[in-house]
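In case you want the letters, here they are:
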Amino acid sequence: MKIVSVVGARPQFIKAAQVSREIRKHHKEIIVHTGQHYDPPMSGNFFDELKIPKPDFNLGVGPGTHAEQTGKMVVGVEKILMDEEPDLVLVYGDTNSTLAGGLAAVKVHVPIAHVEAGLRSFNNRMPEEINRILVDRMSQLLFCPTKTAVENLKKEGITEGVHLVGDVMYDAVLHNRELAMKSQMLEKLGLKEKEYLLVTVHRPSNTDKRENLEAIVDALISSGETIVLPVHPRTLKSLKKFKFHAKLDEAIKLIEPAGYLDFTCLAMNAKKILTDSGGVQKEAYFHGVPCITLREETEWVETVKDGWNVLVGANGDRILDAIRTFEPDGERGESYGDGKASEKMAKIIDDELA
Ligand code: UD1
Ligand code: UDP
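Predicted, not measured: the structure shown is a model, and the values here were computed from it.

Visitor: Could you clarify how one ought to interpret helix 13 (residues 260-269) in this entry?
Guide: Side chains that are three or four residues apart share a direction in an α-helix, a result of its 3.6 residues per turn. Counting buried positions along helix 13 yields 9 of 10 residues, so the element is predominantly enclosed. Of the positions making up helix 13, those classed as buried are Tyr260, Leu261, Phe263, Thr264, Cys265, Leu266, Ala267, Met268 and Asn269.

Right under this line is the structure:
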């Protein structure tokens, strides 16, 4: 059977690397890259490093307003679906590429499988929240990473086609952990194990609002800790625009977005991680590193419930306090599955398409 996978943003490449390997055992996969992310450290490098098959199509959409970006992607994906007539479209997560893949497929009556279904932040000002809700409504197969996700769908009346499979990013960590241990990132950056903080920031609520970005930057600087910040292009633009770049650069190791293995090495060895990323919150949990989340809510509630993640928003005092005092006070559970989510999804797809 023929499956079209639609990807476009960094975390989707990492997830697709796992799933692609499994579905290719029994099906023909066509990879459509929307071009949402396009710089090599945000895109192409992951294909090489994680040995993801080269995309069959690249729509080259690039940046734009939500409507511009999503609209161009829908047009591009629809044409491919009409030409290729696949049996299934596979979409990942909650980006505009996910929404576009879903919208294109539903209109030409191709069934949709959604990897990471059922996640909710209950914050409709997040573009991702709208994308998730709409894609879940459109999907025939809903692959949930957690019980919470299954419950969220149930509350919205979605029970058919829902499968609890575990978290595909946990699969990725288990698959790549040994290779990541060989990364030379610590030596390269002059860092010592458990003596630095790893920071990632890219949510519009943190990067586009001057006062929020300033509160984060100032808290990081005044912590006096060694800090490494692989900087997302959205954030780099804002740091430059608000002229924070120079003061940050003196106090903080600002590096370009890291490859997955190098980033995993940095994450595993960090004293604490500060992030507003969805994926990075979970990875901190998988690695057993305390996480300080620069948001007021999270979709990954298990990390907070188990005591390994604390929500501090973009509030300078709360960020500083957490850097100084936050210590996990519980055991990590098994909420994210057994590392075999990709295999399980592939098996369900096999049965569905048989
Ligand atoms: C997107 C997703 C977000 C996800 C994130 C992963 C949406 C609405 N947002 O956010 O859910 O967490 O990806 O990283 O889909 N840019 C570059 N080079 C690149 C990519 C982006 O310079 O390779 C710049 C562009 O100028 C763009 C900005 O970064 O304006 C933001 O990129 P965009 O893809 O719109 O959203 P992200 O913030 O990356
Ligand atoms: N990541 C990476 N290099 C970096 C920062 C993050 O490889 O410099 C990886 C990280 O390990 C995780 C994923 O990117 O697997 C998270 O993506 P991102 O934070 O961009 O998006 P989100 O998860 O918030 O949608």
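Visitor: I would appreciate a short explanation of unusual backbone geometry in the present structure.
Guide: In terms of backbone geometry, most residues other than glycine have negative phi values and most peptide bonds are trans. The phi torsion at histidine 109 lies on the positive side, around 60°, for a residue other than glycine. One can find histidine 109 in the loop between helix 4 (96-107) and strand 5 (112-115). With relative accessibility at 71%, the residue histidine 109 sits in the exposed group. Non-glycine residue lysine 243 carries a positive phi angle of around 60°. Following the sequence through the fold, lysine 243 ends up in the loop between helix 11 (233-241) and helix 12 (245-251).

Visitor: Quick question: what am I supposed to make of the site of ligand 1 here?
Guide: Around ligand 1 sit 21 residues, and of these His37, Asn96, Glu128, Arg234 and Lys237 come closest. Between ligand 1 and glutamate 128 there is a distance of 2.5 Å, counted from an oxygen atom to a side-chain nitrogen or oxygen. No other element matches helix 11, which puts 3 residues into the shell around ligand 1. In the shell around ligand 1, the residues fall into 7 nonpolar, 8 polar and 6 charged.

Visitor: What is the right way to read the pattern of salt bridges from this model?
Guide: Between side chains of opposite charge, pairing is possible as soon as their charged atoms come close. Tallying each qualifying case throughout the model produces 23 salt bridges. With a closest N to O distance of 2.7 Å, arginine 120 and glutamate 156 form a salt bridge. With a gap of 36 residues between them, arginine 120 in the loop between strand 5 and helix 5 (127-138) and glutamate 156 in the loop between helix 6 (147-155) and strand 7 (162-164) connect regions that are remote in the sequence. On the accessibility criterion, glutamate 156 (28% relative accessible area) is partly exposed. Ionic pairing is found between glutamate 225 and lysine 271, a salt bridge with its closest N-O pair at 2.9 Å. Of this pair, glutamate 225 sits in the loop between helix 10 (210-223) and strand 9 (227-230) while lysine 271 is found in the loop between helix 13 and strand 11 (272-275), placing the two residues 46 residues apart along the sequence. On the accessibility criterion, lysine 271 (31% relative accessible area) is partly exposed. Connected through shared salt-bridge partners, Asp94, Glu129, Arg132, Arg295, Glu297 and Glu299 make up one network.

Visitor: Even after reading the chapter, I still don't get the sheet that holds strand 1 (residues 2-7), so can you show me in this structure?
Guide: Paired through their backbone hydrogen bonds, the strands of a sheet run either parallel or antiparallel. Taken in spatial order, the 7 strands of this open sheet run 3-2-1-4-5-6-7, and their pairing is parallel. Of all the strands in the sheet, just strand 3 (57-58) and strand 7 have a single pairing partner and so form its edges. Sheet analysis places strand 6 (residues 141-144) next to strand 7, joined by 3 bridges and oriented parallel. In the sheet register, cysteine 144 faces strand 7, and the bridge partner there is leucine 164.

Visitor: Looking at this structure, how should I read the nonpolar core?
Guide: If you look at soluble globular proteins, the nonpolar side chains tend to sit buried side by side. By size, the foremost hydrophobic cluster in this structure holds 47 residues, and its most contacted members are Leu90, Phe143, Tyr260, Met345 and Ile349. Not counting chain neighbours up to four residues away, the residues in contact with isoleucine 349 comprise Ile3, Ile23, His27, Leu88, Leu90, Leu141 and Phe143. The next biggest cluster of nonpolar side chains, apart from the first, holds 27 residues, and it includes Val201, Leu254, Leu274 and Phe326.

Visitor: Where do I start with the layout of surface pockets in this structure?
Guide: Summary: where empty space remains is shown by rolling a probe the size of a single water molecule over the atoms. By volume, the second largest pocket amounts to about 460 Å³. Taken together, 18 residues form the lining of the second largest pocket, with Asn123, Pro204, Ser205, Asn206 and Lys209 sitting closest to its centre. Among the elements of the structure, helix 5 and helix 9 (204-207) are those that each provide at least two residues to the lining of the second largest pocket. Of all the elements, helix 9 adds the most residues to the lining of the second largest pocket, at 3 residues.

Criteria and cut-off values
- Residues numbered from 1 in each chain as written.
- Chains lettered and ligands numbered in written order.
- Predicted model: local features only at pLDDT ≥ 70, side-chain atom pairs only at ≥ 80, totals over all residues.
- Heavy atoms only, no water.
- Buried < 20%, exposed > 50% of the residue type's maximum accessible area, 1.4 Å probe, protein only.
- Helix = DSSP H or I, 4+ residues; strand = E, 2+ residues; numbered from the N terminus.
- Near = heavy atom within 4 Å.
- Polar contact = N/O pair within 3.5 Å; in protein donor to acceptor, adjacent residues only side chain to side chain.
- Nonpolar A, V, L, I, M, F, W, Y, C, P; charged D, E, K, R; others polar.
- Salt bridge = Lys/Arg side-chain N within 4 Å of Asp/Glu carboxyl O.
- Pairing = 2+ DSSP bridges.
- Core = buried A, V, L, I, M, F, W, Y, C linked by side-chain atoms within 4.5 Å.
- Contact = heavy atoms within 4.5 Å.
- 1 Å grid on protein atoms, 1.4 Å probe; cavity = no way out; pocket = protein on both sides within 12 Å on 5 of 7 lines; lining within 4 Å.
- Points joined across faces, edges and corners; volume = space filled by probe spheres on them.

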